[in-house]
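# Examining the three-dimensional arrangement
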Amino acid sequence: MGSPFWPLVLLGCSAGLNSILGTGSRCEKACNPQMGNLGHGRKLWTDTTCGYNSTELYCSYSENADLLCKQPKCSKCNSIHLAHPPSAMVDSSFRLPHTWWQSAQGIQREKIQLNLEAEFYFTHLIMIFKSPRPAAMVLERSQDFGKTWKPYKYFSINCSAAFGLDDDVTKKEALCTSRYSSHFPCTGGEIHGRCICKHNTAGTHCQHCAPLYNDQPWLAANGRTGAPNGCKSCKCNEHSDTCHFDMDTWLASGNQSGGICDNCQHNTEGQHCERCKPGYYRDLRKSFSAPDICKLCSCNPIGSAMLPFSNSTFCDPSNGDCPCKPGVAGPQCDQCMVGYWGFGHYGCQPCDCAGSCDSINGDCINR
């Protein structure tokens, strides 16, 4: 991989080979220590180095006004006075802009290895090239101190041709990407490697659960076995897109469910948006996940009784029946009961008859 003259810089916060990684393998919750350049003070290996055995040429590139690569400018390198060793990859491009690692002349395939000397949670890594970026590259990691290696991310201008893999530009969460493999810019091009959140996690470091997946506490995956601790979806009956975790609710449930749905929509309420709000009732003909499941109560304001200590009238949330004043009947409390008359703000009064009476004026009806 790479070009015959392949200078490379790996970046984190600033420049050089800066691996930005998060530490903490035994935390009960997300570990977010201060980020830094983990290349400093650690050994870097490469297969080749320009001028290691004898003086040789290397070439660098720049761009013209048309954003095309100019003819390369070539210089000499050797291991004494004009060296570009692997250790230069961690130099700051702000303080030491003219240092970098340079591969040997004519190299088409190269390997760079950094020993972190301990376990880290990988967050992201940035590589900056002095030459055009390589057409294909593999970022690998080891969890047994270099005994075995597993691919973390593939980079190629053509993922299918180079590795037989899908491209994450067209297929979400694919292991390969073509985003950072174009030959342009001629110098200073970057390659980014960062966390790809899975198992319903979110955040720069996948350090918390996605908005609707907070039914249980966030837990880091097992770094050795790779076993995930996926985030669990809250049961919001499709009336909310977000929820939050509540420890008291979690403990009260016997560590089974701690999610509380946020901002229940469609006139619902409750931990799981599982009931209609006061003033609304459930339409039993529909599934509770339907957006129009809760209907507005239609209680007659004159014939319906007020709730204690309230100026509001609410219907039965299960069927919509309204609470009626004395002597008033009907699902909406809009008429007098049989044997009552004078529908009004105090309800209806009993007929003063042996039988029934007219519901408007109270006149007895003889049959």
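Residues numbered from 1 in each chain as written. Predicted model: local features only at pLDDT ≥ 70, side-chain atom pairs only at ≥ 80, totals over all residues. Heavy atoms only, no water.

The protein chain has the name Netrin-4 in an unreviewed UniProt entry, where Laticauda laticaudata is given as its organism. The annotation that UniProt attaches to the protein chain under Subunit (unreviewed entry) is "May form a homodimer." Per UniProt, the protein chain has the following entry under Subcellular location (unreviewed entry): "Secreted, Extracellular space, Extracellular matrix". (UniProt positions renumbered as here; feature names shortened; annotations may be inferred.)

### Some points on the packing of aromatic side chains
All told, the structure shown has four aromatic pairs when counted by the stated rule. Pairing Tyr58 with Trp100 gives two aromatic rings, centres 6.0 Å apart and planes at 75°, and the pair type is edge-to-face. Highlighted residues: Tyr58 in strand S4 (residues 56-60) and Trp100 in the loop between strand S5 (73-77) and strand S6 (101-102), separated in sequence by 42 residues. Overall, the relative accessible area of 9% leaves Tyr58 in the buried class. (Phe/Tyr/Trp six-rings, centres within 6.5 Å; stacked < 30°, edge-to-face > 60°. Helix = DSSP H or I, 4+ residues; strand = E, 2+ residues; numbered from the N terminus. Buried < 20%, exposed > 50% of the residue type's maximum accessible area, 1.4 Å probe, protein only.)

### Overview of the environment of Thr268
Relative to the helices and strands, Thr268 is located in strand S17 (residues 268-269). Overall, Thr268 belongs to the buried group, its relative accessible area being 3%. Separated by 20 residues in the primary sequence, Thr268 and Phe288 place their C-alpha atoms 9.8 Å from one another. Not counting the four nearest positions on each side in its chain, Thr268 is found in contact with His239, Cys273, Arg275, Cys276, Lys277, Phe288, Ile293 and Cys294. At a separation of 2.7 Å, a polar atom in the side chain of Thr268 contacts the main-chain carbonyl oxygen of Gln265. (Contact = heavy atoms within 4.5 Å. Polar contact = N/O pair within 3.5 Å; in protein donor to acceptor, adjacent residues only side chain to side chain.)

### Details of the sheet that holds strand S11 (residues 176-177)
One key point about sheets: their strands pair by backbone hydrogen bonds, in either a parallel or an antiparallel sense. Judged by pairing direction, the sheet is mixed, and its three strands sit side by side in the order S9-S10-S11 without closing on themselves. The outermost strands of the open sheet, each flanked by one partner alone, are strand S9 (136-141) and S11. Bridge count for strand S10 (residues 150-156) against S11 is two bridges, and the pairing is parallel. Paired with Phe155 across the strands is Thr177, a residue of S11. (Pairing = 2+ DSSP bridges.)

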